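Overview (structure and organization)
Okay, here's what each chain looks like letter by letter:
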Amino acid sequence: MALPSLCVTAFTVLRHIEPILVLEQLGSTFFDTALQMVVKDRCANATYPDTHLSRGDSQQKAMSDFYMIYNLIIRFTPILPSMLLAWLSDRGWRRTPIVVSLSGYLVSRLVLLLVVLLGLPLKVMYGAAVLFGLSGGYCAFWSGVMTLASLGSTAAERSKVLMKVELLYGMTGLVGSLVSGHLFLLYSSSLGNGTILLSVSTLLNLLAFIHSIVLLQVKQVSDPEPEQDANVLSHSSIDVTVEAPARIDMVNVVLMFAAAILYSSAVGGAIEILAVFVMKEPLSWTATQVGYGNAAGCMIFLTSFLGVIAFRRCVSDVLLILIGMVSFASGIYFMSFVTATYQFYLARSLNLFALIPMPTIRSLLSQQVPASSCGTTLTALQLSLKVGGLAYTPAFTKIYQRTLDWFPGFVFVLSSILTVLAMIPVSIISWRSPRRRNYERIQGD
């Protein structure tokens, strides 16, 4: 009797979204490490005769050029497809965003494997990025996961369910990153480094894709309360229900938009360059070190979450945002002067709470507008951040290339400065809030 019962339990678990999440995240962490090492290898012999760059600087320029174009494609191609998939999901096709986006994940992993096996040009990955974007990419996949997790829980349990989903995602990324570097070094005599890692990554994404088609179940729990949003940091940062205002506080909205754009640009630009920076002397990371470095990034996700849990009862949302910004600004400034691997980890340790500000800003922003305008406002913010990416991605790349010979860490100093500037509108919001409450109380009297 015990064996049939165990089989039923296992089958029930397999019908949930969590197994797909684990498979996809493991495949993605393996892919990220492999891509970073393949790009480093293919750019090793890059030359720029007109610029008189050294061999190491030429490699850095070629790598940063590749990532600039690749990241722009990854960031902007999914916008319309993800909106279409969300529209289909709202009309009952709940699994569609997950299935379609996983097909894009599978194709991109397969293309990189073929690039390694067949010696195809690295620029083929631009085409893979386009296909990945047309499938909806990460945006469509994550929104689909959050939708299914929300539908399968009651309003009272929803925040706990979403918290578990995000923690599972972060822990899987941590484990996958730690393992990925070691797998990259495994090779067969005829295929070389990276083929086993990419084969496993492709297999994991194939299993996730098949799982989403065959086993994934859409379970909807009836609940009279409206569905809530899906980000755990946003949920965690709000301890009480805040009544939506009757009209838009335009000054606060503008200040929050400014803070979000500046901080997003600082973080996005620095992290994109960081993947190239660690390949440069004196760091010159191996595949194992790349995996450990990516694991450190996943750890920041977990520490930011725990930071919200620890601080939410004793500080305001505004102070929570400032804590996160100070954490990132200090860590990324320290990164400017890193010359050894242990210093890299010291710098990353200062970034413990760097992921707190953005979801908390979204949460605070939703409190400044009427409920009927909340969706439009948050969508406008997201589009603003996307447009900001058009500026900061090439800007940070070109600045990094021009400062390679005298101060490679200059872009991190710039990122720290932008973060400090982002703290100014947040501080103004903190200053305005008590004045506004006092004014409203006087008007009420």
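All values derive from a computational prediction rather than experimental measurement. (Residues numbered from 1 in each chain as written. Predicted model: local features only at pLDDT ≥ 70, side-chain atom pairs only at ≥ 80, totals over all residues. Heavy atoms only, no water.)

Quick look at the overall build of the chain now. The number of helices and strands found in the chain is 17 helices and 2 strands. Looking at the chain as a whole, 50% of its 445 residues qualify as buried. Counting only contacts in the chain whose residues sit at least 6 apart along the sequence, the fraction spanning at least 24 positions is 83%. Carbon and sulfur atoms make up 67% of the accessible area of the chain, which totals about 20,800 Å². (Helix = DSSP H or I, 4+ residues; strand = E, 2+ residues; numbered from the N terminus. Buried < 20%, exposed > 50% of the residue type's maximum accessible area, 1.4 Å probe, protein only. Contact = heavy atoms within 4.5 Å. Areas by Shrake-Rupley, 256 points an atom, 1.4 Å probe, with all protein chains shown as cover.)

Further remarks concern the side chain of glutamine 368. Relative to the helices and strands, glutamine 368 is located in the loop between helix 15 (357-366) and helix 16 (371-402). When its relative accessible area of 9% is taken as the criterion, glutamine 368 is described as buried. There is a polar contact of 3.1 Å between the side chain of glutamine 368 and the side chain of asparagine 252. (Polar contact = N/O pair within 3.5 Å; in protein donor to acceptor, adjacent residues only side chain to side chain.)

Let us now look at the nonpolar core. If you look at the biggest cluster of nonpolar residues, it comprises 99 residues, and the most contacted ones within it are Leu35, Phe66, Leu112, Met125, Val145, Met325 and Phe412. Tallying contributions element by element places helix 11 (residues 250-277) first for this core, with 13 residues. (Core = buried A, V, L, I, M, F, W, Y, C linked by side-chain atoms within 4.5 Å.)

Quick look at the packing of helix 2 (residues 18-42) against helix 3 (residues 55-76) now. Packing of helix 2 against helix 3 leaves a shortest axis separation of 9 Å and a crossing angle of 135°. One way to sum up the angle between helix 2 and helix 3 is to call them oblique. Counting all contacts with helix 2, which are made through Phe31, Leu35, Gln36, Val39 and Lys40, the residues of helix 3 involved are Gln59, Met63, Phe66, Tyr67 and Tyr70. (Axes fitted to C-alpha atoms, helices over the stretch in contact; angles between N-to-C directions. Parallel < 35°, antiparallel > 145°, perpendicular 65-115°, else oblique.)

Next up on the list: the environment of phenylalanine 396. Structurally, phenylalanine 396 is set in helix 16. Accessibility expressed as a relative area gives 4% for phenylalanine 396, which makes it buried. For the pair formed by phenylalanine 396 and alanine 270, sequence separation is 126 residues and the distance between their alpha carbons is 7.5 Å. Setting aside anything within four residues of it in sequence, one finds phenylalanine 396 in contact with Ser265, Gly269, Ala270, Ile273, Val411, Leu414, Ser415 and Leu418.

Side chains of Leu203, Leu206, Leu207, Ile210, Ile213 and Val214 sit close together on the surface and give an oily, nonpolar patch of about 500 Å² of accessible area. Position of leucine 206 relative to the elements: it lies in helix 9 (residues 195-214). What makes leucine 206 partly exposed here is its relative accessible area of 34%. (Patch = residues over 30% accessible without salt bridge, like charges linked within 9 Å, V, L, I, M, F, W, Y side chains within 5 Å. Salt bridge = Lys/Arg side-chain N within 4 Å of Asp/Glu carboxyl O.)

So, about the confidence of the model for the chain. Mean pLDDT over the chain stands at 84; residues scoring 70 or higher make up 83%. Mean pLDDT per element in the chain: helix 10 (residues 232-236) is the minimum at 44, and helix 6 (residues 124-134) is the maximum at 96. Here residues 225-242 scores under 50 on pLDDT; set against residues more than four positions off or in separate chains, the count is 44 contacts. Counting interchain partners and residues more than four positions distant, the pLDDT-below-50 stretch residues 436-445 has 1 contact. (pLDDT = per-residue confidence, 0-100.)

Next up on the list: the packing of aromatic side chains. Under the definition given, this model contains 18 aromatic pairs. Between phenylalanine 277 and phenylalanine 412, the aromatic rings sit 5.1 Å apart at their centres with planes inclined by 90°, giving edge-to-face as the arrangement. Note that phenylalanine 277 is positioned in helix 11 and phenylalanine 412 in helix 17 (residues 410-444), a separation of 135 residues in sequence. Accessibility expressed as a relative area gives 6% for phenylalanine 277, which makes it buried. Judged by relative accessible area, which is 0%, phenylalanine 412 ranks as buried. (Phe/Tyr/Trp six-rings, centres within 6.5 Å; stacked < 30°, edge-to-face > 60°.)

Another point: unusual backbone geometry. Glutamate 281 connects to proline 282 through a cis peptide bond whose omega is 10°. Relative to the assigned elements, proline 282 resides in the loop between helix 11 and helix 12 (287-311). Positioned with a positive phi, serine 284 is a non-glycine residue whose angle comes to about 50°. Topologically, serine 284 is positioned in the loop between helix 11 and helix 12. A relative accessible area of 31% means that serine 284 is categorised as partly exposed.

As a further point, take empty space enclosed by the protein. According to the stated counting rule, one finds 2 cavities of 30 Å³ or more in the structure shown. Roughly 40 Å³ of internal volume is contained in the largest cavity. When residues of the lining of the largest cavity are traced back to their parent elements, those giving at least two are helix 3 and helix 11. With 4 residues, helix 3 is the largest single contributor of residues to the lining of the largest cavity. Approximately 30 Å³ is the volume found for the second largest cavity. In this structure, the second largest cavity is lined by Met256, Val318, Ile321, Ile361, Leu364, Val426 and Ile429. Among the residues forming the lining of the second largest cavity, the class breakdown is 7 nonpolar, no polar and no charged. (1 Å grid on protein atoms, 1.4 Å probe; cavity = no way out; pocket = protein on both sides within 12 Å on 5 of 7 lines; lining within 4 Å. Points joined across faces, edges and corners; volume = space filled by probe spheres on them. Nonpolar A, V, L, I, M, F, W, Y, C, P; charged D, E, K, R; others polar.)

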